[in-house]
Amino acid sequence: MTYDTTRRTVLLATGATGAVALVAACGGGGGDDGSTSTVSPTDKETTGAPAGQELASTDEIPVGGGKIFKDEEVVVTQPEQGQFKAFSAICTHQRCLVSTVSDGTINCPCHGSKFRIADGAVAHGPATRALPAEQITVEGNSVRLT
């Protein structure tokens, strides 16, 4: 049996292929549908920085704010005087690098997700998962990755 290729068949096949490509491009990696993902920001070695590397002095991290270290993909915050926290600087929504720390949140420029500086928890979506904690030590006036 032979099939004649019609214009309608070609258009339907092209449209279906395009729709599959569009869905794959738009949906990848977000994991915000409630399902678990096999790849997460913590799957890589914690940061690109060597352990023990000094990130900043404590006076560079504002109280009630924080500082983003792009090369190390880490954000260090100081929610209260003398209390320092560190989190991955990679948004859990679609893996964009966060861009600012203001008004008590760590902010992602891609889709508007915001995370609390005290614990990395989601303050505003579309992200549904907190920023993973990173390990730091504060010795004297020095903030170091551990």
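A. Inspection of the pairing of strand S2 (residues 65–69) at higher detail. Of all five residues in S2, four are buried; the element is thus mostly enclosed. As defined by bridge partners, S2 adjoins strand S3 (residues 74–80) across five bridges and the pair is classed as antiparallel. Opposite Ile-68, over in S3, you have Val-75 as the bridge partner. Between the antiparallel neighbours S2 and S3 lie four residues, among them Glu-73 with a positive phi of about 55°.

B. Structural view of the state of the cysteines. Following the criterion strictly, the structure yields one disulfide and no others. Linked covalently through their sulfurs, Cys-96 and Cys-110 form a disulfide whose S-S length is 2.1 Å. Taking the sign of the torsion about the S-S bond as the criterion, the disulfide between Cys-96 and Cys-110, at about -110°, is left-handed. Taken together, the positions of Cys-96 in the loop between strand S4 (83–88) and strand S5 (100–102) and Cys-110 in the loop between strand S6 (105–107) and strand S7 (114–116) put the pair 14 residues apart, joining distant regions of the chain. Judged by its relative accessible area of 17%, Cys-96 falls in the buried class. In this structure Cys-110 comes out as partly exposed when scored by relative accessible area, which is 38%. Free cysteine: Cys-91, not disulfide-bonded; nearest cysteine sulfur from Cys-108 at 3.8 Å. Exposure remark for Cys-91: the relative accessible area of 1% places this residue in the buried category. Overall, the relative accessible area of 7% leaves Cys-108 in the buried class.

Conventions used here
Residues numbered from 1 in each chain as written. Predicted model: local features only at pLDDT ≥ 70, side-chain atom pairs only at ≥ 80, totals over all residues. Heavy atoms only, no water. Buried < 20%, exposed > 50% of the residue type's maximum accessible area, 1.4 Å probe, protein only. Helix = DSSP H or I, 4+ residues; strand = E, 2+ residues; numbered from the N terminus. Pairing = 2+ DSSP bridges. Disulfide = S-S within 2.5 Å.

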